[in-house]
Amino acid sequence: MNAMNMNLHGTTILAVRRGPHVALAGDGQVTIKDTIMKHRARKVRKIYKDQIIVGFAGATADALNLYDRFEGKLEQFNGNITRSAVELAKDWRTDKYLRRLEALLMAADSDHLFLLSGNGDVIEPDEGILGIGSGGAYAQAAAAALVHHTELDARSIAEAAMKIAASICIYTNEEITIEEIK
């Protein structure tokens, strides 16, 4: 099988903010074509002195490259997530090598939540809920309902919403990793 022709399917990454508390959740499934290759992949991590959480959807090697570059930007700008996100997005958009990366990066700290893409996008959602990947829309919809109709904390909402997404999306499983900033 030619690695370039592999049909890589998604993941589900969800961020939920309640006040200064943010939870970022990712499922563990890695799928190639119609085969589940791994059940417990870790797609969310804490970086920059455990003050920022990042998650990715897309090609793993590309995402790890972005993690490293984003952490470098955080070091360069003393942990300023907004400046680091904008500078990474600018580099990603204009650098010939980076433009080929196939991933989305989500980053959150106690004050901000951003989605970064290779198109130069730096998006901060209005309601503090963001889902990406093949099950992202399902998880985001479930989280929005829970935020608006319950008093659950960010972690509980993220966990419940991810389980709902896993029950709908065939590329999402219930092996969920959650990282939090309180």
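The rules behind each value
Residues numbered from 1 in each chain as written. Predicted model: local features only at pLDDT ≥ 70, side-chain atom pairs only at ≥ 80, totals over all residues. Heavy atoms only, no water. Helix = DSSP H or I, 4+ residues; strand = E, 2+ residues; numbered from the N terminus. Buried < 20%, exposed > 50% of the residue type's maximum accessible area, 1.4 Å probe, protein only. Phe/Tyr/Trp six-rings, centres within 6.5 Å; stacked < 30°, edge-to-face > 60°. Contact = heavy atoms within 4.5 Å. Pairing = 2+ DSSP bridges. Axes fitted to C-alpha atoms, helices over the stretch in contact; angles between N-to-C directions.

Asks: Please explain unusual backbone geometry as it appears in this structure.
Replies: Most of the time, phi is negative for any residue but glycine, and the peptide bond is trans. The phi torsion at Lys33 lies on the positive side, around 55°, for a residue other than glycine. Position of Lys33 relative to the elements: it lies in the loop between β4 (30-32) and β5 (35-38). You can call Lys33 partly exposed: its relative accessible area is 42%. Not every positive phi belongs to a glycine, and Lys49 is a case in point at roughly 60°. Take Lys49: it is sitting in the loop between β6 (44-47) and β7 (52-58).

Asks: Would you mind showing me how to read the packing of aromatic side chains here?
Replies: We describe a pair of aromatic rings using the distance from one ring centre to the other and the angle between the two ring planes. Tallied over the full model, the rule gives 1 aromatic pair. With a centroid separation of 5.8 Å and an interplanar angle of 80°, the aromatic rings of Phe56 and Tyr67 are classed as edge-to-face. On the criterion of sequence distance, the pair formed by Phe56 in strand β7 and Tyr67 in helix α1 (residues 60-76) is long-range, its members being 11 residues apart. The same class applies to Phe56 and to Tyr67, which are both buried.

Asks: Just checking my understanding: could you explain the environment of Ala25 for this structure?
Replies: Within the secondary structure, Ala25 is located in strand β3 (residues 21-26). What makes Ala25 buried here is its relative accessible area of 0%. Beyond its immediate stretch of four places on either side in the chain, Ala25 contacts Thr12, Ile13, Leu14, Val44, Ala158, Met162, Ile176, Thr177 and Ile178.

Asks: What is the right way to read the sheet that holds β7 from this model?
Replies: Across the sheet, which stays open at both edges, the 5 strands sit in the order β6-β7-β8-β9-β10 with antiparallel pairing between neighbours. Two strands bound the open sheet, and with one partner strand each, they are β6 and β10 (122-123). Pairing of β7 with strand β8 (residues 103-108), which is carried by 6 bridges, proceeds in the antiparallel orientation. Counterpart to Ile53 in the pairing with β8 is Ala108. Each of β6, β7 and β8 touches α1; the most contacted strand, β7, lies at about 150° to it. Sitting on the sheet, helix α2 (residues 81-94) touches β7, β8, β9 (113-116) and β10, and the angle it makes with β9 is about 5°.

Asks: Looking at this structure, how should I read the pairing of β8?
Replies: Within a regular strand, side chains alternate between the sheet's two faces. Counting buried positions along β8 yields 5 of 6 residues, so the element is predominantly enclosed. The pairing of β8 with β9 spans 4 bridges and is antiparallel. Looking at the pairing, Ala108 lines up with Leu113 of β9. With antiparallel pairing between neighbouring strands as the criterion, β8 and β9 make up a hairpin whose turn holds 4 residues.

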